[in-house]
Structures are given as structure tokens and as C-alpha cells.
Amino acid sequence: LRSGHLSIGASQTRGRVFFPEILPTYVQRYPNVELTMHAAITSTLESMLLDGELDLMLGFLPFSNDLIESVPLINERLCIVVPHKIMADKFPSPRNVAAHFTQHGADISVFADQPFLMLKQGRARDMAFRYMSKCRISPHVILEYADLETLLALCFHGMGLTFTYESFAKKALIGNEQITQGNTYIFPLNDAALETKLAIAYHKERYLSKAASDFIMLAQELFPILPFATPQTPQSPFSSI
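Predicted, not measured: the structure shown is a model, and the values here were computed from it.

### Section: the overall build of the protein chain
- A tally of helices and strands in the protein chain yields nine helices and ten strands.
- A principal-axis box enclosing the C-alpha atoms of the protein chain has dimensions of 60 × 35 × 30 Å.
- Scored against the burial criterion, the 241 residues of the protein chain give a buried share of 47%.
- Pairs at least 24 residues apart make up 77% of the contacts formed inside the protein chain by residues separated by at least 6 positions.
- Only carbon and sulfur atoms are counted for the fraction: they give 50% of the accessible area of the protein chain, which is about 12000 Å².
- Positive and negative side-chain charges in the protein chain, numbering 20 and 23 respectively, have mean positions lying 4 Å apart.

### Focus: the environment of A10
- Residue position: A10 is located in strand β1 (residues 4-10).
- Residues A10 and S47 lie 37 residues apart in sequence; the distance between their C-alpha atoms is 12 Å.
- Residues contacting A10, with those up to four places away along its chain left out, are G15, F19, H38, A39, A40, L45 and L58.

### Here we look at helix α2 (residues 42-50)
- Among the residues making up α2, those that are buried are L45, E46, M48 and L49. Down the axis of α2, the buried side of the element spans an arc of 160 degrees, and every buried residue falls inside it.
- Looking at the packing, one finds that the buried side of α2 touches β1, β2 (33-39), β3 (56-60), β4 (68-83) and β9 (195-203).
- Phi turns positive, to about 85 degrees, at G52, one or two residues after α2.

### Description of unusual backbone geometry
- The omega angle of the peptide bond from L61 to P62 is -5 degrees, so this bond is cis rather than trans.
- Mapped onto the elements, P62 comes out in the loop between β3 and β4.
- Even without glycine at this site, R136 takes up a positive phi of about 60 degrees.
- By secondary structure assignment, the location of R136 is in the loop between α5 (123-134) and β6 (140-145).
- The exposed category is assigned to R136, whose relative accessible area is 80%.

### Let's talk about the pattern of salt bridges
- In total, this model carries nine salt bridges according to the counting rule given.
- In this structure, D191 engages K134 in a salt bridge whose closest nitrogen and oxygen atoms are separated by 2.8 Å. With D191 in the loop between β8 (184-188) and β9 and K134 in helix α5, this pair connects stretches of sequence that are 57 residues apart.
- For D191, a relative accessible area of 12% translates into the label buried.

### A short note on the side chain of S167
- Positionally, S167 belongs in helix α7 (residues 166-173).
- With a relative accessible area of 1%, S167 lands in the buried category.
- Those residues in contact with S167 that lie beyond four places of it in its chain are F18, E76 and F228.

### Things to note about the packing of aromatic side chains
- Under the defined criterion, the tally for this structure stands at twelve aromatic pairs.
- A centroid spacing of 4.9 Å and a plane angle of 55 degrees characterise the contact between Y26 and Y30, whose relative ring orientation is tilted.
- Among the residues examined, Y26 registers a relative accessible area of 0% and is labelled buried.
- For the pair Y185 and F187, a centre-to-centre distance of 5.6 Å together with 15 degrees between the ring planes defines the contact as stacked. With respect to class, Y185 is no different from F187; both count as buried.
- Connected via pairs of aromatic rings, a cluster forms that spans F18, F60, Y165, F168 and F223.

### Some words on the nonpolar core
- Ranked by size, the top nonpolar core spans 71 residues in total, and within it F18, L56, I80 and F223 carry the most contacts.
- Among the elements that take part in this core, β4 stands out by supplying eight residues, more than any other.
- Excluding residues that lie within four positions of it along the chain, F18 makes contacts with L58, I74, E76, S167, F168, L198, F223, L226 and F228.
- By size, the runner-up hydrophobic cluster in this structure holds nine residues, among which are L45, F63, A199 and A201.

Conventions we followed
Residues numbered from 1 in each chain as written. Predicted model: local features only at pLDDT ≥ 70, side-chain atom pairs only at ≥ 80, totals over all residues. Heavy atoms only, no water. Helix = DSSP H or I, 4+ residues; strand = E, 2+ residues; numbered from the N terminus. Buried < 20%, exposed > 50% of the residue type's maximum accessible area, 1.4 Å probe, protein only. Contact = heavy atoms within 4.5 Å. Areas by Shrake-Rupley, 256 points an atom, 1.4 Å probe, with all protein chains shown as cover. Lys, Arg positive; Asp, Glu negative; His and termini not counted. Charge placed at Lys NZ, Arg CZ, Asp CG, Glu CD. Arc of directions from axis to C-beta. Salt bridge = Lys/Arg side-chain N within 4 Å of Asp/Glu carboxyl O. Phe/Tyr/Trp six-rings, centres within 6.5 Å; stacked < 30°, edge-to-face > 60°. Core = buried A, V, L, I, M, F, W, Y, C linked by side-chain atoms within 4.5 Å.

Written as C-alpha cells, this is what we have:
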């Protein structure tokens, strides 16, 4: 039986999305492992990992230090979340346009005059602003807030558009009656620079415990089959040395 202690970090949003999908199974398989969870921004988590305060962290590639080894789990795409009301105001046949945007990526220039709801910090925010600048859009930002779930809820209620990663948006919409009512659309953005991978990371020069390697292998097993995830290209499974 595995035993010991495992310390894992993730941003608050990533932890809220992904930890409920893996921790119950991990605890069931390894009930003798004591878990400690940490929520912080990516740069803080990387410092904690390098300092030995964390055994593992969830984050988006690439990481900033060569001492951080990573195991990719799923693909991620930045997407735009658009209220139904805005789509209906813009297009006579929003369903046809939505089908095209879903397949080929959204043309965000058509939303240039609409209100935007933005995260106060983070990679998704930075990527969104770079993309809008590339598209020569000066967004009308009516609200900035640190909590993504609140921004999505406001978006569901038609207050404005927002950006987030595809898995976060889909997880928020699973079981939400507003998606069945057609209140919200999620469109990917057709730009390779907006694609990344969610990975689990550890310190390459420190001993990786069996508790940690088991967690990584479980993540590789479960994450690609999550109902809201886009699986990555199959790779050789991780195995501890």
C-alpha cells in the first residue's frame, strides 16, 4: 500500500476544474497518502516547486525553468464565450453562424463593439489581449475581476463576452441549464499561438516518490477522457524510474 505525503499546487481555477476529477479516485486507491493542496498563481507555484514546497503542480506549458520536468495531459485552446443575446443581435441566423464559428474558429472582429469581461491577471488574459491587438481590436472592457466563474456567470446572463480556456468553459456549462436554453456559445479561436497543453510538473533533480508518480499516471489515465477535455496526441505513458 502506498503511504506518505503528497503536496500538489494549481491555480484556484485549475484546481476547481481538475482536482474534483482526480482526487476522489486517487484517495480511493491510495487512502494512506496524506494530501496537501496549494492554490496560487503559476509563478508562485513554480517557485514553490523549485524550493521543495510542492511535489507536483498543474500548469500550462511552457514552464519557465529548465529544472521543471513536465508530463503533458490534455490540449487546451483559448476560446471566446458569447451570450446568445449578442449573437442574436449580430446575426439573423445565429445558429448557422455558430456552427461555422465552432468548426472554423470565431471571427472576433464582429464583436469589436461589444462589452468585454476580463480576468484581472493570468496567461489567458495576456493571450486574449495579444490576440485582440493582432486583430486590431481595442476592447470595451466594462469589468475586470479575479474570479473566472463569476465572469462566466455574468456572461451567461448576457452582460458581455469573455475569454477562457475551452475546458474551463465546458466544465462550467456541464449541468448548467442555461446551456440547454441556448444562452451561451463557446467558440475556439483559430490561431495556433492560442493553443497550449495542460501538464503536470515536478522537479527533475529531486526524488519523485511513488505517491507522486502514481498521481501522475492516474492523471494520464483520467484527464484525456474527461467530458470537457480535448485529448492530446497519444504519447508514451509516464513511468517512474
